[in-house]
Amino acid sequence: MQDNDTHLKSPSPLACAETEANRMKLLIGTVVTLMFVLASCGEPQRVLQSGTIGANGEVGDVLLRNIHVTPPGGDGYEQGANAVVQFAVFNRAGEADALIDVRSDAAQDIVMHWDTQCDGRTEPVERLPLLADGGVARLSGALLAYHLEMIDLTHEVRAGTDVAVTFEFERAGSTTLDVPVEVASEAVGSRHPRQCPASDSAPPVSRPAAPSTETRR
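Below is a short write-up of the structure. (Residues numbered from 1 in each chain as written. Predicted model: local features only at pLDDT ≥ 70, side-chain atom pairs only at ≥ 80, totals over all residues. Heavy atoms only, no water.)

## Structural notes on the environment of alanine 159
Alright, step 1. Along the chain, alanine 159 falls in the loop between strand 10 (157-158) and strand 11 (162-169).
Alright, step 2. The sequence separation of alanine 159 and glutamate 182 amounts to 23 residues, and the corresponding C-alpha distance is 5.9 Å.
Alright, step 3. If we ignore the near neighbours within four places in the chain, the residues touching alanine 159 are Pro72, Asp75, Gly76, Val181, Glu182 and Val183. (Helix = DSSP H or I, 4+ residues; strand = E, 2+ residues; numbered from the N terminus. Contact = heavy atoms within 4.5 Å.)

Listed below in structure tokens is the structure:
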């Protein structure tokens, strides 16, 4: 008579070793993750699940991405100094909108800057218009053609900390986000665009005619 009982074989020494190695990898990964979380208390370059660096947020149909204060020259910005805030904004609504105000208790004023002429130079503006289902008007997708400037900081702002900033939109409403102050590193380059990114809707740039090389008689 055949025995129908199921007999479980003991795992081989090699299988046990592989299982133990996998457990060690999991343990090491957990420890590294905890160390990163603890270190992030003083490190503003938080890499989010979306792969972006900085603060992300949304209000209504408007998305705000990669919001961060650019690195100070030293350990932080002194009281009374100015600081630049970089960010990207996108409107998902079927109607146009506009960023009409930005404010923070950390600064006396926040000024919006935009390269309206597409000449590589930003000018102060009262509002940033957003296209329906698009980005900043005429520069949809140009992430660095506009920025914010925090004027006359009310207190010292240290690198690695956050400042609360409120963004107000004409239609979508307002939202307040904790914006990180970047820590200076070799990987951080210039945050200001030297020229306006290419855009099909950008205004034409007039150039002086080249001098004629023809010899006059």
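Structure shown, so let's carry the discussion forward.
## Points about the sheet that holds strand 6 (residues 107-114)
Alright, step 1. Across the sheet, six strands lie side by side as 1-2-4-9-6-7; this open sheet has antiparallel pairing. Only two strands of the sheet have a single neighbouring strand rather than two, namely strand 1 (55-59) and strand 7 (123-125). Strand-to-strand twist in this sheet, taken as the mean axis angle between neighbours without regard to direction, amounts to 35°.
Alright, step 2. With seven bridges joining them, strand 6 and strand 9 (residues 146-153) adopt antiparallel strand pairing. From the neighbouring strand, aspartate 109 faces strand 9, where its bridge partner is isoleucine 151. (Pairing = 2+ DSSP bridges. Axes fitted to C-alpha atoms, helices over the stretch in contact; angles between N-to-C directions.)

## Here we look at the packing of aromatic side chains
Alright, step 1. The final tally for this structure, using the stated rule, is two aromatic pairs.
Alright, step 2. With a centroid separation of 5.2 Å and 65° between ring planes, the pair formed by phenylalanine 87 and tyrosine 146 is classed as edge-to-face. A residue pair is termed long-range when its members are at least 10 positions apart, and phenylalanine 87 in strand 4 (residues 83-91) and tyrosine 146 in strand 9 qualify at 59 residues. In terms of burial, phenylalanine 87 and tyrosine 146 fall into one category: buried.
Alright, step 3. Since its relative accessible area comes to 3%, phenylalanine 87 is described here as buried.
Alright, step 4. Counting every residue linked through ring pairs, the aromatic cluster contains Phe87, Tyr146 and Phe167. (Phe/Tyr/Trp six-rings, centres within 6.5 Å; stacked < 30°, edge-to-face > 60°. Buried < 20%, exposed > 50% of the residue type's maximum accessible area, 1.4 Å probe, protein only.)

## Let's talk about the nonpolar core
Alright, step 1. One finds Phe87, Met150 and Phe167 to be the most contacted residues of the largest nonpolar core, which totals 35 residues.
Alright, step 2. The greatest single-element share of this core, amounting to five residues, is contributed by strand 4.
Alright, step 3. Phenylalanine 167 has contacts with Leu64, Ile67, Phe87, Leu99, Asp101, Val102, Leu148, Gly173, Ser174, Thr175 and Leu177, leaving out every residue within four places of it along the chain. (Core = buried A, V, L, I, M, F, W, Y, C linked by side-chain atoms within 4.5 Å.)

## Looking at the side chain of asparagine 91
Alright, step 1. Within the secondary structure layout, asparagine 91 lies in strand 4.
Alright, step 2. Judged by relative accessible area, which is 1%, asparagine 91 ranks as buried.
Alright, step 3. Side-chain polar atoms of asparagine 91 contact the backbone nitrogen of alanine 93, separated by 3.1 Å.
Alright, step 4. Residues in contact with asparagine 91, not counting those within four places in the same chain, are Asp61, Val62, Ala96, Asp97, Leu130, Leu131, Ala132, Asp133 and Gly134. (Polar contact = N/O pair within 3.5 Å; in protein donor to acceptor, adjacent residues only side chain to side chain.)

## Some points on the sheet that holds strand 8 (residues 128-130)
Alright, step 1. The strand order across the open sheet built from four strands is 8-5-11-12, with neighbouring strands paired in antiparallel fashion. Each having just a single partner strand, strand 8 and strand 12 (173-180) make up the two edges of the open sheet. Here the average twist between neighbouring strands, direction ignored, is 30°.
Alright, step 2. Bridge analysis of strand 11 against strand 12 gives eight bridges, and the strand direction is antiparallel. The partner of aspartate 162 across the bridge, within strand 12, is proline 180.

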